[in-house]
Amino acid sequence: MSVSSAPAVHSNGLLGRLHARTGRGWLVLPGIVFLLAVMIVPLVLIGLYSVNLMTNLFGVPTKFSLHYWEDFLPPGSNPFWDRFQSSMLVTLGVSVAAVLAAYPIAYYLAFVARRRRYTLLLLILAPFFTSYLLRVIAWKVILANNGVINSALWQLGLRDHGDGVTWLIYSWFSVALVLFYTWVPFVALPIYVVLENMDTRLLEAAQDLGAGRLKTFFRITLPLSLPGVIAAFVFVLIPTTGEFIAPLLVGGPDSYMFGNTIQGFFSDSPNWNYGAVLAVWLIAIVLVLILVFGRFLSTDLRESRATA
Amino acid sequence: MQPMDRRKFLYSAAAVGGGLLLGGCGSDSGTSAGGETEKVSHPPISQEPGTMNILEWQGYEAHGTEAQTYGMLAGKSYTDKFGTDGLKYTYIVNDTQAVNKARQVQFDLLHPCIENLQDYVNGQLVQPWDTSLIPSFKNLNPVLTKKGQVDGQQYFIPWDWGYASILYRTDKVDPEDATGWELFWNEKYKGRIAMWDGAQSNFEVAALYLGFPEMDNMTSDQVEQAKEALIKQKPLNKFYWKSEYSDMQPAFKSGDIWISYSWQDQYVYQSGFGLPVEFMEPSQGKLGWTCGFMLGASTKNYRHAHAYVESFINHKACVDMVNLFYYGNADATIKPSDVKDKSLAKKLNIGDPQALSGSNVNLQSWMPNENEVALAWEEVHAA
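In this text the structure is predicted, and so the values were computed from the model without any measurement. (Residues numbered from 1 in each chain as written. Chains lettered and ligands numbered in written order. Predicted model: local features only at pLDDT ≥ 70, side-chain atom pairs only at ≥ 80, totals over all residues.)

Draft legend 1. Spotlight on the domain arrangement of chain B. Residue and element names in this part refer to chain B. Domain boundaries in chain B define domain 1 (49–161 + 289–358) and domain 2 (163–286 + 363–382). Between domain 1 and domain 2, the contact holds 18 residues from the first and 16 residues from the second. Of all the secondary-structure elements, those providing two or more residues to the side of domain 1 that touches domain 2 are α3 (95–104) and α4 (117–122). For the side of domain 1 that touches domain 2, the residue count by class is 10 nonpolar, six polar and two charged. (Domains from an automatic or database assignment. Contact = placed C-beta atoms within 7 Å. Helix = DSSP H or I, 4+ residues; strand = E, 2+ residues; numbered from the N terminus. Nonpolar A, V, L, I, M, F, W, Y, C, P; charged D, E, K, R; others polar.)

And the structure:
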């Protein structure tokens, strides 16, 4: 609805003038104030910490300085940069794997499950009625040295009793597995939405014209569902870049992620200035990712505005 | 390729957001801090709010509180009189983090270790105690109470003390390898070792391993060498443990790890569980520590805080604590006869007023370059 089409009420007084000028725009004010308070202000503070205009270090004077930026930024100059690179690789791997695993689930829900689809959807989401923390800890029970998997191997005589598979936990494997498990259901949702809303007449037309199932999938279904796939990929990629809970609970000393480094600087070995530099860097990376992938999500919004 | 339209995108986003909200339930909550001004006089206890925020280690909550699951008697005389509703605990996980937390939140009491005494006093985070309000103070070991003074004022009331060393499985570790802190660097036990995720302690261990004369006063060059040693040691760890009870204890019990940085309570716990374990006497000496109570600079519960501390340092509570954790206690009136397990009391020097002064003990103390060490520890983490 355009601004000029708003009904002309409250024509007198401050509220009336505000209304005349903004229509119902003032309704967003509480949201803007909330965002300013809980998001923009902390971001500004983090920015100030990153250039040493604020500090938590006792006895360190606050003065503009790019010291920590200069220490961090040259690629390969310090272990934090290496940790960033390895974390991004894991994040990308998990995102791709989650999308690949979620697509068949979404496809089944959209085209095969029919009346059972909502029951199945509920079942897929059921684990998320418990806390994320508990779900990660549950994986510890499964993967630990005397956990479910190793105990089963012992019982089946596949390994000597007490000789567990050591890389099952406190490793990159366990971190990636837990992240994968966490995100697959979320990833399935946007793909499912796109597939469900797909014009099935196109599929029928393709088959009428002689295309086989595989050809129909690769020429019609997959291209039409790509926006959902990309949305799903972004849904995993962005939050996982800052992940620190899973590595903290099931990761080993070599499988900490960049988020753990930031967390360490803000809690265990407090140097908020360096932590802020890493946090600002991560925010910048996430913004770039949003800009890159956002264009695939918003194109038709611009189109629909243009034709409105 | 067809883009996703706004309706579909919002539908997906709402579904994902709903899931996140559901999944987010039960996450860790923060701590509130209120702005208060320093007092100049202290009203009677009945006029104090009685709601205290206490910076504490997990497991040391007062008797009767929901969080106190060990049945520890300490705190009983306070909670019997004032109840438990007014007590709020904010947890600390290591000494460096404790100092930082004390700078961030409003607190009435905290239970730090003595090596950071100077940080708290210099930062004006604490105020001296009025020991006349704590009847059991007179029972405390003067060697330890003296260490808690700055400019003649009692800022720190010692309570618990103990040793840190290597806890190891005697059925898995060759006795010839269990000689000192170098066991952490023994490649033979790769993947079965867990050091604590504590900056200062790990650099102290590295300093002892490298033979530096002052583990808490290293030069920058020595910090660098210690950092390199810890980076070299890092791949041998299964993990760095953060919580003694939820990380290290179950992993040691399950056999995930055989060698761990530990305090003596875990030696008692794991051997009580039937595991063949030993608490090492390293050739370079054990680490020694003492922790106690400090009073928040701007507390509005001056008298409540004193009553709380009295409920912890009275003789009955101290004896109970010793028999529960087999830590030492600053209460000098504790006799070996008070300790249930006499052999443990002897092995851990409980009841010996000079227990922390021996040549085989390296008492942890203030690190002047703690910021440098903390940064170096994060570099070890990230390496």
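Draft legend 2. Inspection of the environment of Asn369(B) at higher detail. Residues and elements named next belong to chain B. With respect to the helices and strands, Asn-369 occurs in the loop between β13 (361–363) and α13 (370–382). Taking the number of C-beta atoms within 10 Å as the measure of exposure, Asn-369 has 17 and is therefore partly exposed. Expressed as a C-alpha distance, the spacing of Asn-369 and Val-322, which sit 47 residues apart in the sequence, is 34 Å. (Buried ≥ 20, exposed ≤ 12 C-beta atoms within 10 Å, placed from the backbone.)

Draft legend 3. Structural view of unusual backbone geometry. With phi around 60°, Tyr170(A) is a residue other than glycine that occupies positive phi space. Checked against the element boundaries, Tyr170(A) lands in the loop between α7 (148–155) and α8 (172–196). We note that Asn349(B) has phi near 60°; this positive angle belongs to a residue other than glycine. You can see Asn349(B) is positioned in the loop between α12 (342–347) and β13.

Draft legend 4. Summary view of the pairing of strand β9 (residues 259–263) of chain B. Residues and elements named next belong to chain B. In terms of burial, β9 is largely enclosed, as five of its five residues are buried. Alternating residues of β9 divide into Ile-259, Tyr-261 and Trp-263 and Ser-260 and Ser-262, and every residue in both groups is buried. Sheet topology places strand β7 (residues 157–169) next to β9; five bridges connect them, and they run antiparallel. In the sheet register, Ile-166 faces β9, and the bridge partner there is Tyr-261. Of the pairings in the sheet, the one linking strand β8 (residues 193–194) to β9 comprises two bridges and is parallel in character. Note on β9: the bridge partner recorded for Ile-193 is Ile-259. (Pairing = 2+ DSSP bridges.)

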